[in-house]
Amino acid sequence: MPIIKIPVVHNFGIISQTHQEDLQRRLLKKAQELEASQNAKISPSRNPFEITEEFIKKYNSVQEPEEQEHSVDQARKMLRRSMRRAGLNSQGHGDHVDFPLAWTELLLLALCRGKIQDESLDVLLISLDQAPVHDEHAPVLFYLAESVLYWLCTDTVQKPFLYSSEVKMLKLGHLIFLRLFLLHKSNCLNGYTENKFRLLNFLKALTQCEPCYKPFPNVLFAVHFILQTGEIMCECDIFMKKHSIDSVQPSTGSPSQCPGEVDQKDDGVNQVLWHCLVSWYCVQNNIKQLKDVLQHLVLLQEELQQKNWVDSGLGLVVLGEAGKSSLLCLQALLDLAVDCGQDGDTQQKKGAVSSAGLSAWPWQLKHIYVNALADICLHGSHAEIQKTALVRKRQPKGQNEGGLLSILEYGTLSDGISDEETWCTRYSAIHAVVKICHVLHGDVAREGLRNAAWKALQEQLGKETDLRVLEATRVAEAEVNSPKNPFSNVDLKTPSNFLGNDSFQFISLRVAATLSQLHIPPIPLKLPLSRWAKKEISPPRACHPKQQPVKNKVPQLTLRQEILLAEASYEPSIDFNTRTELHLMDIVKDQWGKELQMKLKEEEENENKQLQEKERQAEEHFKEIMRKREEKLNKKTKPYELPGIEKPANINF
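As a convention, each chain's residues are numbered from 1 in the sequence order in which they are written. Only residues with pLDDT of at least 70 get local features here, since the model is predicted, and only at 80 or more are side-chain atom pairs given and counted; chain-wide, interface and lining totals rely on the full set of residues. Excluded from the side-chain calculations are hydrogens and water; all other atoms, namely the structure's heavy atoms, are used.

1. What about unusual backbone geometry?
Right, so step 1: The phi angle at asparagine 187 is positive, at roughly 60 degrees, despite the residue not being glycine.
Right, so step 2: Looking at the secondary structure, you find asparagine 187 in the loop between helix H7 (164–185) and helix H8 (193–209).
Right, so step 3: For asparagine 286, which is not glycine, the phi torsion reads 55 degrees and is therefore positive.
Right, so step 4: Helix and strand definitions follow DSSP, with helices as H or I runs of at least four residues and strands as E runs of at least two, each counted in order from the N terminus. Here asparagine 286 shows up in the loop between helix H11 (271–285) and helix H12 (290–298).

2. Quick look at the pattern of salt bridges
Right, so step 1: A pairing counts as a salt bridge when a side-chain nitrogen of Lys or Arg comes within 4 Å of a carboxyl oxygen of Asp or Glu. The final tally for this structure, using the stated rule, is 20 salt bridges.
Right, so step 2: A salt bridge links arginine 392 to aspartate 335; the nearest nitrogen and oxygen atoms lie 3.0 Å apart. Highlighted residues: arginine 392 in the loop between helix H17 (383–390) and strand E1 (393–394) and aspartate 335 in helix H14 (residues 327–336), separated in sequence by 57 residues.
Right, so step 3: What makes arginine 392 buried here is its relative accessible area of 13%.
Right, so step 4: Through salt bridges with shared partners, one network takes in Glu146, Glu194 and Arg198. Residue exposure (1.4 Å probe, protein chains only): buried if accessible area is under 20% of the type maximum, exposed if over 50%, otherwise partly exposed.

3. Here we look at helix H5 (residues 115–130)
Right, so step 1: The end-to-end C-alpha distance of H5, which contains 16 residues, comes to 23 Å, matching closely the 22 Å that a straight helix rising 1.5 Å per residue would cover.
Right, so step 2: Counting buried residues along H5, 14 of its 16 residues qualify, which places the element largely inside the surrounding structure. Helix span, expected: 1.5 Å multiplied by one less than the number of residues in the helix.

4. Topic: the confidence of the model for the protein
Right, so step 1: Mean pLDDT over the protein stands at 76; residues scoring 70 or higher make up 69%.
Right, so step 2: Within the model, the stretch residues 483–502 combines pLDDT values under 50 with 42 contacts to residues more than four positions away or in other chains.
Right, so step 3: Counting contacts from residues 524–554, a segment whose pLDDT is below 50, to residues more than four positions away or on other chains yields 16 contacts. On a range of 0 to 100, pLDDT expresses the predictor's confidence in each residue. Whether two residues are in contact is decided by their heavy atoms, any of which lying within 4.5 Å being enough.

This is the structure we're talking about:
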């Protein structure tokens, strides 16, 4: 018989109590070892350079020198990683670029105290300057805007002095709100009602902090720009009209703007901005009608006196960008600032244009104008443009007319302008010239330009008596003498002179490109036919007797016949560039025609008013003559009536 072995299974119920406890201990130990090994496998997969709140708290609470050095080294590695995500080496282009994530990480790193904070803000400023404008950036821009305003209203305002980090935060807010305003004008913020509502609360809080920045016009301008653009963006929504910003009251030289006073809501687009965009477009595409557009632009000096200075300021930014490569655009920018009432020759040239110019502008426009000239001095395409922006010599008199150095003494020689309206402009000019001298230091090719700026600056500082203006030198020197960029010697080619520099290199180009795509209609692309179509045309055949056409039969054209018909309607003498210029001129002529009709209508209304006024004066004169006659002759009859004789009933006089 076969032997069958039955396996014996030891269950807990049939073993002793001692063996059962020993088995439980071994199983528990094995389970703990298995769990530890699994955790060990998971932990290395976590990114050690991820920026978290725990890391920021640990960084700010470290006291030991060794731990501080380790934390700073780790933070710098995180910063380099965020810089690569921001595309600083490729000017914001590349598959590795992720702006929303990079900007969020940089703002979190800015919460670290010390050098990391300044370096993070500097990198974030550069990235916001050179990044393209896309509607997908709207959520992160709202997040940055709320964070910056919260930071300003709760932390920096409580400090007794103006700190460099505070200035950088306001510059950061200026760039953020500029990008949001461009998206607003492109109708890309219609679905962000909740974000606008939250932003509105921060704007109301910022108005309470505005008086702290009045001694510093360069910083106050950023505050006013944030308030003005934020008000326009938030009040554009129907839901936001219930929560209008009643507390926004800018200081001297910045009147409050009501929603109904926004020009572009009534007339479509600001005329100064539109002509500046057309000028920039002509420069980019080498269109010959640039001179005509600029001549018409200079006639719009009075448009720059309006209270709504935001759109006009964008126009000056665009025209300044065009002036970097076009001397004609730079001269037009300088002509806009010339006071016609102070120059007889210029007034005769302008004809009907009334007295207007730099003295009639809001001080915010003057600040934009000064920074535009400073940007051209630093980044103009050739030396002649840079020299003209700094010192514009008027021929043949050789006087300085409208250059940056002439603004250093703005308002000191004229009696018609109050001091409250001029010291801010001189402050901005001195602030800009100090930074120009700093940036050009060591540049042998532009040493003469720097010497001219330095000499004019020292002469004006020797004559300046306003302590508020002299404070601009200290503020500018404090910004330019900050520590050098720690990333200037690494493989990432970050500009080494960006610290404390107000002259951003790329944002004006982004503004011009975005607004031109929005306001200038696209030109239809009409390509000429290819040459092979002409070569395959068959020679004419011999004439054949005509055949009677078949009724009720639609002739079908072949592909070759359609090509021949299209070629017959095409004008080979007009190329693509010529059609582009003609199309653009049609747009310009149509716009000028509308303006001419408006002016003719205004002149007709003025003539009617003058005619009515003359008739009223003639009637009053006649009444006065009759009154004197009655007093002199003591008669109330008309001159052709005889007293005591009744007028016949059938006679009418």
